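Remarks on the overall topology
One letter stands for each residue in the lines below.
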Amino acid sequence: MALKNTGNEIISSLKSLLAEQPKSVVLVTHENPDGDAIGSAIGLGEVLKEFGHKVNIIVPNAYPDFLKWFSTEIEIVVYERKRPRATTLLGKADVLICVDFNEPKRAARMKKKLLEFSKPMVLIDHHPNPSDFCDYMISEPQYSSTAELVFDVVTLMGVNHCLNHDAAEALFAGIMTDTGSFSHNISSPNVFLVVAKLIECGIDTEKIHDAVYHTFSEHRMKLLGHSLDKMKVFPEYRSAVIWLSLEELKDYNFQPGDIEGFVNYPLSINNIVFCALFMERKDHVKVSFRSKGSFPANEFARDHFSGGGHRNAAGGEIKIPLDDAVNKFTQLLKEYKHLLKETTIKKNEKYDNK
Ligand code: 5GP
Ligand code: MN
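In this text, all values refer to a predicted model and were calculated from it rather than measured experimentally.

**Side note on the overall build of the protein**
From N to C terminus, the protein includes 13 helices and 12 strands. Over its C-alpha trace the protein gives a radius of gyration of 20 Å, about what one expects of a compact globule, namely 20 Å for 354 residues. Dimensions of the protein, computed from the C-alpha atoms along their principal axes, are close to 60 × 45 × 40 Å. For the protein, the proportion of its 354 residues judged to be buried stands at 53%. In the protein, once contacts between residues fewer than 6 apart in sequence are set aside, the share between residues at least 24 apart is 66%. With the model as given, the accessible surface of the protein reaches about 16,200 Å², and the carbon-plus-sulfur share is 50%.

Below you can see the structure in the form of C-alpha cells.
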C-alpha cells in the first residue's frame, strides 16, 4: 500500500521522529471539532500512547455531547476554556500533529499558537488544497475521512499492533460520521477494508452508531422540526435553504453541536442537489453547504462566502445580517441556474472523488 501524495520518505522520517519514546505529542483539531476530528485525534493518540509516548489532545473550542462517549485515557483540553493548561502542554510538546484540517485558519483562536510552534509539526488530513505549514505533510484528499487515512498511516509506519480497542472505536466513529454512515465520500473500496480491520479489533459498530446518532435531546429534535418547517425550497434551482437566528437557538435551548447534521436534510428531497444552512453568530453568519454529484459547493463557498471545503460539503462565513446573507444566497441561485440544472448525480462518478 502506498499513499498518492505522500512519499515513502515522509512516512520513514515520521517513523524516525517518533521512534524514540517517550516524547510529548500534542494533537490538535480544527474549530468546532466533528466526529472525524475527534475520532482521528483519539485514534492516533491512543496508538501513540500505546507505543510509549505521552499524548494530549487540544481542541480549539468545545465539542458536542454526542462526541463525548469515546473511551480514552487521553486528556482532551478545550483551548478556549483552559488556555493556561493548553499553553503549558504546547510549551512542553516535542511534536505537534494537526488532524482533519489543512490551514492554520481552521484552528481559529489557536492559529497563532500553531504558527509559533518551533518543534516538528505533522499534518494528517483529507481536505483539498493544503497550505504548507507543517514539516511533515500527509495530505490525501481521496480519503473519505482523516480517520481512514490515520489507519493507513499507522499501518505504513508499522505500529498497527498499538491500535487498541479505544483507537478502533474512535477511528470507526470518524469514518462513520464523515461518510454519513457510509452514504457519501466513498471513492474506493479501501474505506471498507479499513472498517473490516477495525471490526476485527472487536468494536461494536451498532453501539457506536447509537452513541452518535440516537442521543438527541428533546430540544434538539424540536429544533430540527422547526428548521425543516421554515426551510425554503426552490425546485426551479434544485436548491433549498434553512436559516436560524440566535433568538431561535435560544428559544430551543441551543447546546453546542445541536445543529450538526441539519444541513444534510434538504438533500433528502427528490431532485434537490444543493442546500445551505445559515447560522447567526455573535458577529458573523456561519454557512454550511451540501451538494450532490457534480455541483461544486466548495467553489460556491469560496467565491461568495470566504470559505471552501470539499465539492459536496463546504462552508464559509459572512459579516452581514442573517436575512441579508440568506437573500444573497437566494439571489445567487439565479446565476447558478444553468449549473444546477446540469448537475449530474450519476454513480459512475464514484472514483472521481472531490
Ligand atoms: P461543515 O458544514 O460540516 O461545518 O463543514 C463542511 C466542510 O466545509 C468542512 O469539512 C471544511 O472542509 C469546510 N469548511 C467549513 N467551514 C469552512 C470555512 O469557514 N472555511 C473553509 N475554507 N472551509 C470550511
Ligand atoms: Mn474529516
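**What to know about helix α9 (residues 218–230)**
Compared with the 18 Å implied by 1.5 Å per residue over 13 residues, the 19 Å span of α9 between its first and last C-alpha is a close match. When we look at burial in α9, the residues that qualify are Arg-220, Leu-223, Leu-224, Ser-227 and Lys-230. End-on, the buried residues of α9 take up no more than an arc of 140°, which puts them together on one face. Facing away from the buried side of α9 by over 90 degrees, the exposed positions are Glu-218 and Asp-229.

**Topic: the sheet that holds strand β10 (residues 285–291)**
The strand order β7-β8-β9-β10-β12-β11 describes an open sheet built from six strands, whose pairing is mixed. The strands lining the two open edges of the sheet, one partner per strand, are β7 (232–234) and β11 (308–309). Where strand β8 (residues 239–244) lies against strand β9 (residues 274–280), six bridges are found, and the strand directions are parallel. Note on β9: the bridge partner recorded for Ile-242 is Leu-277. Contacts from α9 reach β7 and β8, with the element oriented near 130° to β8. Strands in contact with helix α12 (residues 322–335) are β7, β8, β9, β10 and β12 (313–318); relative to β9, the strand with the most contacts, it is inclined by about 165°.

**Details of the site of ligand 1**
Surrounding ligand 1, one finds 13 residues, the nearest of these being His-127, Lys-286, Ser-288, Arg-290 and Ala-314. One nitrogen or oxygen atom from the side chain of Arg-290 is found 2.9 Å from an oxygen atom belonging to ligand 1. For ligand 1, whose unbound accessible area comes to 490 Å², protein coverage reaches 82%. Of all the secondary-structure elements, those providing two or more residues to the shell around ligand 1 are β10, β11 and β12.

**Notes on the domain arrangement of the protein**
You can read the domains of the protein as domain 1 (8–213) and domain 2 (218–342). Relative to domain 2, the C-alpha centre of domain 1 lies at a distance of 27 Å. On the side of domain 2, eight residues touch domain 1, which itself brings eight residues to the contact. Each partner contributes to the roughly 680 Å² buried at the junction of domain 1 and domain 2, and carbon and sulfur atoms together form 53% of this total. Considering only the surface of domain 1 that becomes buried against domain 2, Pro-64, Phe-66 and Pro-128 emerge as the three largest contributors, covering 43% of it. Applying the counting rule to domain 1 against domain 2 returns one residue pair in polar contact (both at pLDDT 80 or more). Here the residues of the side of domain 1 that touches domain 2 are counted per class, giving three nonpolar, three polar and two charged.

**Structural notes on the sheet that holds strand β4 (residues 95–99)**
A sheet is described by the order of its strands in space; here six strands give the open sequence β3-β2-β1-β4-β5-β6, paired in parallel fashion. Strands at the two margins of the open sheet, each flanked by one partner only, are β3 (75–78) and β6 (136–139). Taken over all neighbouring pairs, the strand axes of this sheet differ in orientation by 20° on average, direction set aside. One ladder, built from four bridges, connects strand β2 (residues 54–59) with β3; its direction is parallel.

**Remarks on the nonpolar core**
Taken as a class, soluble globular proteins show a tendency for nonpolar side chains to be buried jointly. If you look at the biggest cluster of nonpolar residues, it comprises 55 residues, and the most contacted ones within it are Leu-44, Ile-97, Ile-124, Leu-163 and Leu-198. Per-element accounting of this core gives the leading share, eight residues, to helix α6 (residues 165–178). Residue contacts for Leu-198: discarding those within four places in its chain leaves Phe-151, Leu-163, Ala-168, Leu-171, Phe-172, Ile-175 and Ile-203. Val-287, Phe-289, Phe-295 and Val-326 belong to the second largest nonpolar core, which has 26 residues in total.

Calculation notes
- Residues numbered from 1 in each chain as written.
- Chains lettered and ligands numbered in written order.
- Predicted model: local features only at pLDDT ≥ 70, side-chain atom pairs only at ≥ 80, totals over all residues.
- Heavy atoms only, no water.
- Helix = DSSP H or I, 4+ residues; strand = E, 2+ residues; numbered from the N terminus.
- Rg over C-alpha atoms; globule rule 2.2 N^0.38 Å.
- Buried < 20%, exposed > 50% of the residue type's maximum accessible area, 1.4 Å probe, protein only.
- Contact = heavy atoms within 4.5 Å.
- Areas by Shrake-Rupley, 256 points an atom, 1.4 Å probe, with all protein chains shown as cover.
- Expected span 1.5 Å × (residues − 1).
- Arc of directions from axis to C-beta.
- Pairing = 2+ DSSP bridges.
- Axes fitted to C-alpha atoms, helices over the stretch in contact; angles between N-to-C directions.
- Near = heavy atom within 4 Å.
- Polar contact = N/O pair within 3.5 Å; in protein donor to acceptor, adjacent residues only side chain to side chain.
- Domains from an automatic or database assignment.
- Buried area = accessible area lost by both parts, 1.4 Å probe.
- Nonpolar A, V, L, I, M, F, W, Y, C, P; charged D, E, K, R; others polar.
- Core = buried A, V, L, I, M, F, W, Y, C linked by side-chain atoms within 4.5 Å.

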